[in-house]
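Geometric and topological summary
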Amino acid sequence: MYLLEEKIYFWLLLGIPILVVLFLGVLLWKKTTQKKFADVQLLKKLSPDQSIFKSILKIFVISLALGCLIVALVNPKIGTKLETVKREGVDVVFAVDVSKSMLAEDIAPNRIEKSKQLITQIINNLASDRIGIIAYAASAFPQLPITTDYASGKMFLQSMNTDMLSSQGTAIYEAIELAKTYYNDEEQTNRVLFIVSDGEDHQGNVKAIAEEASEEGIKIFTIGVGSEKGAPIPIKRNGIIERYKKDSQGATVITKLNPTTLQEIANEANGTYIDGRNTNKVVEEVTTILQNMDKKEFEAKQFADFKDQFQWFLGAGLLLLFLDIFFLDRKTSWVKKLNLFNEASS
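The notes below deal with the structure included here.

How each quantity is defined
Residues numbered from 1 in each chain as written. Predicted model: local features only at pLDDT ≥ 70, side-chain atom pairs only at ≥ 80, totals over all residues. Heavy atoms only, no water. Pairing = 2+ DSSP bridges. Helix = DSSP H or I, 4+ residues; strand = E, 2+ residues; numbered from the N terminus. Axes fitted to C-alpha atoms, helices over the stretch in contact; angles between N-to-C directions. Polar contact = N/O pair within 3.5 Å; in protein donor to acceptor, adjacent residues only side chain to side chain. Contact = heavy atoms within 4.5 Å. Core = buried A, V, L, I, M, F, W, Y, C linked by side-chain atoms within 4.5 Å. Buried < 20%, exposed > 50% of the residue type's maximum accessible area, 1.4 Å probe, protein only. Arc of directions from axis to C-beta. Phe/Tyr/Trp six-rings, centres within 6.5 Å; stacked < 30°, edge-to-face > 60°.

**With respect to the sheet that holds strand E7 (residues 218–224)**
Strand order across the open sheet formed by six strands is E5-E4-E3-E6-E7-E12, with mixed pairing between neighbours. Looking at the sheet topology across the chains shown, the edges are occupied by strand E5 (140–147) and strand E12 (273–275). Each adjacent strand pair in this sheet contributes to an overall mean axis angle of 20°, direction not counted. Relative to strand E6 (residues 191–197), strand E3 (residues 91–97) is paired through six bridges, and the arrangement is parallel. Directly across from Phe94, in E6, lies its bridge partner Phe194.

**Focus on the side chain of Asn110**
Looking at where Asn110 falls in the secondary structure, it is placed in the loop between E3 and helix H4 (111–124). Within the structure, Asn110 has its side chain in polar contact with the backbone nitrogen of Ile112 (distance 3.3 Å). Of the polar contacts made by the side chain of Asn110, one reaches the backbone nitrogen of Glu113; its length is 2.9 Å. Beyond its immediate sequence surroundings of up to four residues, Asn110 is in contact with Met102, Leu103, Ala104 and Glu105.

**Remarks on the nonpolar core**
If you look at the biggest cluster of nonpolar residues, it comprises 35 residues, and the most contacted ones within it are Phe94, Phe194, Ile223 and Leu290. Those residues in contact with Phe94 that lie beyond four places of it in its chain are Ile119, Ile122, Ile123, Ile131, Gly132, Ile133, Ile134 and Phe194. With 23 residues, the next largest nonpolar core counts Leu193, Ile209, Ile265 and Ala269 among its residues.

**What about the side chain of Lys77?**
Among the structural elements, Lys77 can be located in strand E2 (residues 76–89). Here the side chain of Lys77 touches Glu5 through a polar contact of 3.1 Å, side chain to side chain.

**Quick word on the pairing of E5**
Where strand E4 (residues 130–136) lies against E5, five bridges are found, and the strand directions are antiparallel. Within E5, the residue paired with Tyr136 across the bridge is Ala140. Between E4 and E5, which pair antiparallel one after the other, the connecting turn spans three residues.

**Quick look at helix H7 (residues 206–215)**
By the burial criterion, the buried members of H7 are Val206, Ile209, Ala210, Ala213 and Ser214. Take H7 and look down its axis: the buried residues cluster within an arc of 150°, on one side only. For H7, the secondary structure elements touched by its buried residues are helix H6 (172–180), E7 and helix H8 (259–268). Remark: Gly217 follows H7 within two positions and exhibits a positive phi of approximately 85°.

**Some details on the packing of aromatic side chains**
Applying the stated criterion to the full structure yields two aromatic pairs. Ring geometry for Phe94 and Phe194: centres 5.7 Å apart, planes at 20°, overall stacked. Remark: Phe194 occurs in strand E6 and Phe94 occurs in strand E3; sequence separation between them is 100 residues. Overall, the relative accessible area of 0% leaves Phe194 in the buried class. Aromatic rings pair up to connect Phe94, Phe194 and Phe221 into one cluster.

Dropping the structure here:
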């Protein structure tokens, strides 16, 4: 486990490409100015040992040194001691619809990206709750087991897309079945399942499985993403729309939000349906729901001792700057023999 203490310093890395561009500009300016001063052959005779390779090597070493010094400012830390701590919270599982209908752009930027934004913001507002993530289309797939590691949760969340499951459909019932295995019966924590979907083309007896989940103490809240007006499903290549999905008769498929199904699921499992159009409202509602629940105590493992690692990057940066002193602009004998730039012998 690692920790970045001062991430803001990463912005300084933008200075490195600027430095390289300035260096190339100066190199070009020098070459142009020298051509005005004298003939190319004469310049080679006047400064036979001038090395382009050395100049490039120097800027590379300086850029690498600056990169190391900037990382030292960020101060990465590595966890060295793992201990068990007691926390109080709720077990929250997010089931995310990754079927192709979630590519519809009736909500910006599209349904799947909006879903990921909503969950990320919800996670950012959590305190000591545990989270789990499930992806589902025609089948359900575990993405992240119950954990207190929010950083990993957001990382797995961002990697989710509509191509991760080959079979298509919306098997909400399978997502609920899988979610039931996420909770620990021994700990008896409050159990919450958030289903984020457009609710379209659902399969199976969802109401029955939602009722079973409720009997096991799982509250299901559904978040509807999309619009009831609907939109076509774009098929893209390299980010550019090539065409829209069509049915067997050749007509363009229009996918629509189905709030009725999502409301029925939530009602069966003592939850509520949440309109997913406004991110702030969704986050506020979800935060209120979780805060009003009884918090149960559970044990969690976490890193308690982190050691600074900045010294390694600081040392590497200073060493590279020291070595740069010895990189002169003139050719060394072995580089001259290699003739890396196919220079004609004088």
